[in-house]
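So the chains spell out like this:
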Amino acid sequence: MADDYAHGRRDGLRLALAILAAEEAKWAALLGESRSWRTNQIREVRYKTLQVAQKRVQTALNRMSPKEADGTSEELAAALDKLGL
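Residues numbered from 1 in each chain as written. Predicted model: local features only at pLDDT ≥ 70, side-chain atom pairs only at ≥ 80, totals over all residues. Heavy atoms only, no water.

### Here's the deal with the overall build of the protein
(1) Moving on: Secondary structure summary: the protein contains 3 helices and 0 strands in total.
(2) Moving on: The N-to-C order of helical and strand elements in the protein reads α-α-α.
(3) Moving on: Relative to its 85 residues, the protein shows a buried fraction of 21%.
(4) Moving on: The long-range share in the protein, meaning contacts at least 24 apart out of those at least 6 apart in sequence, stands at 67%. (Helix = DSSP H or I, 4+ residues; strand = E, 2+ residues; numbered from the N terminus. Buried < 20%, exposed > 50% of the residue type's maximum accessible area, 1.4 Å probe, protein only. Contact = heavy atoms within 4.5 Å.)

If you want it as structure tokens, here you go:
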């Protein structure tokens, strides 16, 4: 039961990473595109916020992942392949 719970939590974090990556890509395309300096500043702040959130979720996922000698687990590799990363 506890293993299923941990697996579900890791899947949730992986989903959050995928969503953040998609949002980051969207905002990266918009950086500097507006004629308004205020809009450009807001976009830069949103972009940086998404980068920080992505890093924090990745850190949480790394802490929850089982420790293995080779560095990556099969579960993590399969999830990354599924996401196309």
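### Here's the deal with the confidence of the model for the protein
(1) Moving on: Across the protein, the average pLDDT comes to 82, with 84% of residues at 70 or higher.
(2) Moving on: Averaged pLDDT values for the elements of the protein fall to 70 in helix H3 (residues 74–83) and rise to 91 in helix H2 (residues 37–64). (pLDDT = per-residue confidence, 0-100.)

### Considerations on the side chain of arginine 43
(1) Moving on: Relative to the elements of secondary structure, arginine 43 occurs in helix H2.
(2) Moving on: Glutamate 33 is the oppositely charged side chain nearest to the buried, salt-bridge-free arginine 43, at an N-O distance of 6.6 Å.
(3) Moving on: Each residue touching arginine 43, except ones within four places of it in the same chain, is listed here: Trp27, Leu30, Leu31, Glu33 and Ser34. (Lys, Arg positive; Asp, Glu negative; His and termini not counted. Salt bridge = Lys/Arg side-chain N within 4 Å of Asp/Glu carboxyl O.)

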